[in-house]
Amino acid sequence: MKDKSVLILGATSAVARSLAACFAREGARLYLAGRDAFEVERVAADLSVRFGVEARWGRFEATEYGAHQQFFDEVVGSMGGLDAVVSAMGELGDQGLAEADFNHARAIMESNYNGPASILTYAAGYLEKRGGGLIIGISSVAGDRGRRSNYVYGSAKGAFSLFLQGLRNRLSACGVKVMTVKPGFMDTKMTFGRTGMFLVAKPEDVAETIFKAAGSGVDVLYVPWFWRWIMLIIKLIPEPVFKRMKL
């Protein structure tokens, strides 16, 4: 990745920070973007000092759709082109609140699907014309089957996974790789204090796995690896049985 230019969206999340460090360690040039401009600037400055790489930054709001095209064009211009785009945006939200208030449900859906799909539409068009590049979309195992405990979040992640699958199919002929990442539970601020958590992974370990897989041509990455088989079992449970389970 030396001298490659990488845009990371949602750059203040735990896994995005760790993934940015992986790219910086290998000499990539970075553009970090997120909702919290102060924190994004701080992360960029830290990476620049620690790894001696170019680390630009900017504010990005997933739901400001009208600004996405201009934002992307400005990033491309400031970096002199882009080789890779990482979408690490999203928020877990509150399932209970989402069940009673669709405004909250919509916010979850927009941050996990609509926003990422919007900005990646412009990224895909750019990389397609360029004739190569990489898109990494961080989805979730929650999108593999609707469960009562988080079906609003899961539905948005499931839609995002399908969007990435379609992009992969569309862009494969022009040399653009699209990797869908489906993490299980991670030890982050988003999951802190939640009950029912098991097999919790460290964000830095997840990031290392994503980084290594990025150059291997993997299409769909479950991380840690065993979530592929856990979710396969969950998807195979007959619906009459599944409705009686408290998942």
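The rules behind these values
Residues numbered from 1 in each chain as written. Predicted model: local features only at pLDDT ≥ 70, side-chain atom pairs only at ≥ 80, totals over all residues. Heavy atoms only, no water. Helix = DSSP H or I, 4+ residues; strand = E, 2+ residues; numbered from the N terminus. Rg over C-alpha atoms; globule rule 2.2 N^0.38 Å. Contact = heavy atoms within 4.5 Å. Buried < 20%, exposed > 50% of the residue type's maximum accessible area, 1.4 Å probe, protein only. pLDDT = per-residue confidence, 0-100. Pairing = 2+ DSSP bridges. Axes fitted to C-alpha atoms, helices over the stretch in contact; angles between N-to-C directions. Phe/Tyr/Trp six-rings, centres within 6.5 Å; stacked < 30°, edge-to-face > 60°. Lys NZ or Arg CZ within 6 Å of the ring centre and 35° of its normal.

1. Re the overall build of the protein chain
Next, step 1: Counting secondary structure elements, the protein chain contains 9 helices and 7 strands.
Next, step 2: For 247 residues, the compact-globule formula gives about 18 Å, and the C-alpha radius of gyration of the protein chain, at 18 Å, lands near that figure.
Next, step 3: By principal-axis analysis of the C-alpha atoms, the protein chain measures approximately 55 × 40 × 35 Å.
Next, step 4: In the protein chain, once contacts between residues fewer than 6 apart in sequence are set aside, the share between residues at least 24 apart is 71%.

2. Structural notes on the environment of Met 186
Next, step 1: Assignment of secondary structure puts Met 186 in the loop between β6 (176–183) and α7 (203–214).
Next, step 2: The class for Met 186 is buried, based on a relative accessible area of 14%.
Next, step 3: Between the C-alpha atoms of Met 186 and Pro 224, which are 38 residues apart in sequence, the distance is 9.7 Å.

3. Topic: unusual backbone geometry
Next, step 1: Put simply, Val 223 and Pro 224 share a cis peptide bond, and its omega is -10°.
Next, step 2: Within the secondary structure, Pro 224 is located in the loop between β7 (220–223) and α8 (227–236).

4. Quick look at the confidence of the model for the protein chain
Next, step 1: Considering every residue of the protein chain, the mean pLDDT works out to 93; 94% of them sit at 70 or more.
Next, step 2: Long-range and interchain partners of residues 191–197, a stretch whose pLDDT sits below 50, account for 7 contacts in this model, where long-range means more than four residues apart.

5. Regarding the sheet that holds strand β2 (residues 29–34)
Next, step 1: What the 7 strands build is an open sheet, ordered β3-β2-β1-β4-β5-β6-β7; its pairing is parallel. With one partner strand each, in any of the chains shown, β3 (55–59) and β7 form the two edges of the open sheet. Strand-to-strand twist of the sheet, defined as the mean angle between neighbouring strand axes without regard to direction, takes the value 15°.
Next, step 2: Note that strand β4 (residues 84–87) and strand β5 (residues 133–138) share 4 bridges and pair parallel. Its bridge partner lying in β5, Val 85 is registered against Ile 135.
Next, step 3: In the packing of helix α2 (residues 37–51) onto the sheet, the strands contacted are β2 and β3, and the crossing angle to β3 comes to about 175°.

6. Considerations on the packing of aromatic side chains
In this description, a pair of aromatic rings is defined by centroid distance and the angle of the planes.
Next, step 1: Per the counting criterion, the structure on display carries 8 aromatic pairs.
Next, step 2: Residues Phe 23 and Phe 211 carry aromatic rings whose centres are separated by 5.1 Å and whose planes lie at 90° to one another, so their mutual orientation is edge-to-face. Of this pair, Phe 23 sits in helix α1 (residues 14–25) while Phe 211 sits in helix α7, placing them 188 residues apart in sequence.
Next, step 3: On the accessibility criterion, Phe 211 (15% relative accessible area) is buried.
Next, step 4: Arranged with centres 6.4 Å apart and planes meeting at 40°, the rings of Phe 226 and Trp 227 form a pair that is tilted.
Next, step 5: Residue class for Phe 226 comes out partly exposed when judged on its relative accessible area of 24%.
Next, step 6: Ring-pair connections join several aromatic residues into one group, and the members of that group are Phe 185, Trp 225, Phe 226 and Trp 227.
Next, step 7: The positively charged end of Arg 145 is found above the aromatic ring belonging to Phe 242, 3.8 Å away from the centroid.

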